[in-house]
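As a plain string of letters, each chain reads:
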Amino acid sequence: MGLSKIWYRYDRAIWIRVIGTILTTITSFAIRPFLAIYLYNKTGNLFDIGLILGLAPLMGVLANIWGGGLADKYGRKPLMVWSLLFQGISMLGYIFAVTSLHFSLVSMINGIASSFYFPAANAQIADIVPEGQRSEVFALMHTALNLGAALGPMLGLFMIQINQGLTFLASAITLLMYAVLVLAFIPETLRTPTNSPEKRQVSVVENTIKPERLSYTEHKFLFQFTLLAMPITMLYALVESVFPLYLQANFANYLTIFTSLVTMNGLLVVLLAVWLARKTEKLHTPSVLLVGYILFAIVGLGYGFGPWGKVIALLFAVEVIFTIAECITFPNQSKLLSIIAPAHMRARYFSIFSMNWGLSKSLGPILGMAIFANQGGLVLFLTMSCLLLVSGVSTYRLTNATQKHIIVEAADNQVSTL
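The notes below deal with the structure included here.

Cut-offs and rules
- Each chain has its residues counted from 1, following the order in which its sequence is written.
- The model is predicted, so local features are restricted to residues of pLDDT at least 70 and side-chain atom pairs to those at 80 or more, both for listing and for counting; the totals for chains, interfaces and linings are taken over all residues.
- Hydrogens are left out, water is left out, and the side-chain values use all remaining heavy atoms of the structure.
- Think of it this way: any DSSP run of H or I at least four residues long counts as a helix, any run of E at least two long counts as a strand, and we number them from the N terminus.
- Three labels apply to residues, based on accessible area from a 1.4 Å probe with only protein chains included: buried if under 20% of the type maximum, exposed if over 50%, partly exposed otherwise in between.
- By definition in these notes, contact holds between two residues if any of their heavy atoms fall within 4.5 Å.
- Every accessible area reported is derived by Shrake-Rupley at a probe size of 1.4 Å, with residue values counting cover from the shown protein chains alone.
- Pairing of aromatic rings covers Phe, Tyr and Trp, the last counted by its six-membered ring, and requires centre-to-centre distances within 6.5 Å; plane angles under 30 degrees mean stacked, over 60 mean edge-to-face, and any other angle means tilted.

It is worth spelling out the overall build of the protein chain at this point. When you go through the protein chain residue by residue, the secondary structure sums to 17 helices and 0 strands. The 418 residues of the protein chain split such that 55% are buried. Intrachain contacts of the protein chain at a sequence separation of at least 6 include 86% that bridge at least 24 residues. Accessible area of the protein chain: about 18,400 Å², with a carbon and sulfur share of 69%.

The next point concerns the packing of aromatic side chains. According to the stated counting rule, one finds 24 aromatic pairs in the structure shown. Ring centres of Tyr236 and Phe322 lie 5.0 Å apart, and the angle between their planes is 70°; on these two criteria the pair is classed as edge-to-face. Here Tyr236, found in helix H10 (residues 220-241), pairs with Phe322, found in helix H14 (residues 312-340); they are 86 residues apart in sequence, far enough to count as distant. Phe322 carries the same exposure label as Tyr236, and that label is buried. Between Tyr246 and Phe372, the ring centres sit 6.0 Å apart and the planes meet at 75°, which makes this aromatic pair edge-to-face. Highlighted residues: Tyr246 in helix H11 (residues 243-248) and Phe372 in helix H16 (residues 355-375), separated in sequence by 126 residues. In this pair, the class of Tyr246 matches that of Phe372, namely buried.

Along the polypeptide, Gly364 turns up in helix H16. Gly364 sits 127 residues away from Ala237 along the chain, and the two C-alpha atoms are 5.6 Å apart. Leaving out residues up to four positions away in the same chain, Gly364 has contacts with Met234, Ala237, Leu238, Leu359 and Met369.

Written out as structure tokens, the structure is:
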């Protein structure tokens with residue numbers, strides 16, 4: 001496929017999102033791999049590190065539902081712009097933070113601002129991308145994110161040797177630049193009725209009342225799917241918080257090893273994400289998700305035994321498996337969610353689902369640090385591996401039953417229109 005065909009294959013808003021994501025994640029990943037170690041050097045307290053790292057996602061969880069409802073009511077664009085603006089401000093706050101309290105306050109602001117972005121951004125994709133292309137586009141966004149993840153750690157390793165504040169300043173600048181791009185070039189994609197007053201009144205009811213009444217009994221799949229996704233995001237939370245310290249306890253060159261692993265993962269995702277998404281687009285989604293969970297469980301084993309046995313080669317082999325797991329799991333999760341979600345509640349659905357990230361990243365560092373301090377990294381990651389296997393089987397059963405229901409319902413609707 002030529003470059004021109006690739007460019008015109010997607011809406012302009014998608015490409016602006018890709019550019020903005022690359023810019024912001026390069027600087028974000030210049031900070032993230034080293035933040036736990038930086039905080040440990042500042043505070044010397046594992047509990048303080050867990051609390052500071054957990055506060056941002058915890059505040060995100062508390063603000064998440066509100067953010068999704070606002071995106072469904074007022075539009076995707078305003079939420080994205082304000083989110084990026086305040087994320088940029090919070091990055092500037094990190095430069096002036098000195099004590100644990102300062103870092104905690106800045107983390108809280110960052111968590112609230114971040115929680116408003118992704119539900120609106122994911123709903124925007126569902127608004128403008130045909131169903132058959134959604135998995136591919138979600139994979140494209142994941143590729144953009146991981147391009148930043150590939151380049152960011154090396155940049156961060158270079159910048160922290162000069163001045164740690166430079167990484168936060170660079171992140172703030174790119175977030176503010178992305179906010180300007182969204183404001184100037186991305187149109188609002190939330191569809192509003194232009195027909196009769198009656199239809200407008202119905203839409204107002206849909207956009208104000210229904211998003212606020214998201215009961216468990218009416219939306220069981222959403223809540224169960226979200227809960228079962230938590231072990232995956234918990235693994236990510238542990239990789240960002242505990243894993244660098246686990247490496248530090250077992251390797252003298254732990255910074256180089258961790259940076260290389262993150263960079264390798266980012267580069268492989270860039271190369272494989274869209275290709276794997278296309279290959280799995282028409283496969284049985286529950287089976288694809290089950291394979292993803294099994295691969296993540298293998299990663300948990302590798303992250304446990306690699307540092308424990310001081311086997312660096314095992315860590316790099318496991319990173320390849322990690323890449324494949326995330327490339328086939330995340331796009332298919334998002335695609336399935338975009339199909340299940342009612343059109344007027346898309347942002348709210350993505351908002352609820354993204355709570356699994358917030359909960360995992362808030363609980364993960366706190367629980368992970370406690371287990372790591374008392375039992376060690378091997379026990380921690382072996383426990384995660386078992387949890388991933390159980391969640392994988394449960395997810396397969398849940399999504400398989402739901403997919404069969406969707407197929408039957410679609411067939412009934414087709415017959416009724418004949």
